[in-house]
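Observations on chain architecture
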Amino acid sequence: MADITEIEGVIEGNYETVVESFDDMNLKDALLRGIYAFGFEKPSAIQQRAIVPCCGTSDVIAQAQSGTGKTATFSVSVLQRIDENKPTVQALVMAPTRELAQQIQIVMCALGDFMNVNVHACIGGTNVRDDQVSSQA
């Protein structure tokens, strides 16, 4: 299990590899296009250390300050691991609040813009039929 923690700007972990650019992460071309189109130029510290292990098969625990790119880190990893040719649910991301779920959906849609993927936020307290209709649109 990779364990990566950022405490007051200092990153600690048991995964020592730091990947300085998105191009060096062996990501899908369509995903790279989405990353750059979203406005990312260089991965943040947490992204440099966590995207590659998250794309693998090990469990990863990563912790960092707000605004450091954690949502993009796991979003890139999820999009990298899915098979775009399978029209089935392949990933489930759970969030504790409606706002965070909507933020994750926006980021995943933007990063996956050049991929053949559907992203949908299922939010508690909403009509299930509305969710079904909007996810098929």
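Residues numbered from 1 in each chain as written. Predicted model: local features only at pLDDT ≥ 70, side-chain atom pairs only at ≥ 80, totals over all residues. Heavy atoms only, no water.

Here is the rule: UniProt positions are given in the numbering used here, feature names are shortened, and annotations may be inferred rather than shown by experiment.
Identification of the protein chain as ATP-dependent RNA helicase from Steinernema carpocapsae is taken from an unreviewed UniProt entry. Per its UniProt entry, the protein chain bears the Function (unreviewed entry) comment "RNA helicase." Annotation of the protein chain in UniProt includes, under Sequence similarities (unreviewed entry), the sentence "Belongs to the DEAD box helicase family."

**Things to note about the pattern of salt bridges**
How we decide: The term salt bridge refers to a side-chain nitrogen of Lys or Arg lying within 4 Å of a carboxyl oxygen of Asp or Glu. Secondary structure elements follow DSSP: runs of H or I no shorter than four residues count as helices, runs of E no shorter than two count as strands, and numbering proceeds from the N terminus. Burial here depends on accessible area, computed with a 1.4 Å probe over protein chains only, as a share of the maximum for the residue type. Under 20% is buried, over 50% is exposed, and the range in between is partly exposed.
Summed over the entire model, instances satisfying the criterion amount to 2 salt bridges. Between Lys 42 and Glu 20 there is a salt bridge, with its nearest N and O atoms 4.0 Å apart. Of this pair, Lys 42 sits in the loop between helix H1 (29-37) and helix H2 (45-55) while Glu 20 is found in the loop between strand E2 (10-13) and H1, placing the two residues 22 residues apart along the sequence. A relative accessible area of 46% places Glu 20 in the partly exposed class. Put simply, Glu 84 and Lys 28 hold a salt bridge, and the shortest N to O gap is 3.5 Å. Separated by 56 residues along the polypeptide, Glu 84 in the loop between helix H3 (70-81) and helix H4 (98-111) and Lys 28 in the loop between E2 and H1 bring together distant segments of the chain. Judged by its relative accessible area of 25%, Glu 84 is partly exposed.

**Quick look at the packing of aromatic side chains**
Defined as follows: Stacked, edge-to-face and tilted are the three classes for Phe, Tyr and Trp ring pairs, Trp counted by its six-membered ring, which pair at centre distances within 6.5 Å; planes under 30 degrees apart are stacked, over 60 edge-to-face, the rest tilted.
Within this structure, the stated rule accounts for 3 aromatic pairs. With 5.3 Å between their ring centres and 50 degrees between their planes, Phe 38 and Phe 40 make a pair best called tilted. Taking the relative accessible area as the measure of exposure, Phe 38 reaches 35% and is therefore partly exposed. Put simply, the rings of Phe 22, Tyr 36, Phe 38 and Phe 40 pair up and form one aromatic cluster.

**Re the side chain of Gln 80**
The criterion, for reference: N or O atoms within 3.5 Å of each other form a polar contact, as long as, within protein, one can give a hydrogen and the other can take it, and as long as residues adjacent in sequence are counted only when both atoms are side-chain atoms. Pairs of residues are marked as contacts when any of their non-hydrogen atoms sit within 4.5 Å.
Mapped onto the fold, Gln 80 is located in helix H3. When its relative accessible area of 18% is taken as the criterion, Gln 80 is described as buried. A polar contact of 3.5 Å, which involves the side chain of Gln 80, links it to the backbone oxygen of Asn 26. Setting aside residues up to four positions removed in sequence, Gln 80 forms contacts with Asn 26, Leu 27, Lys 28, Leu 31 and Cys 55.

**What about the environment of Ala 64?**
The topology assignment puts Ala 64 in the loop between strand E3 (60-63) and H3. The exposure class of Ala 64 is buried, given its relative accessible area of 13%. In the structure, Ala 64 is positioned 18 residues away from Ile 46 in sequence and 7.0 Å away in space, judged by C-alpha atoms.

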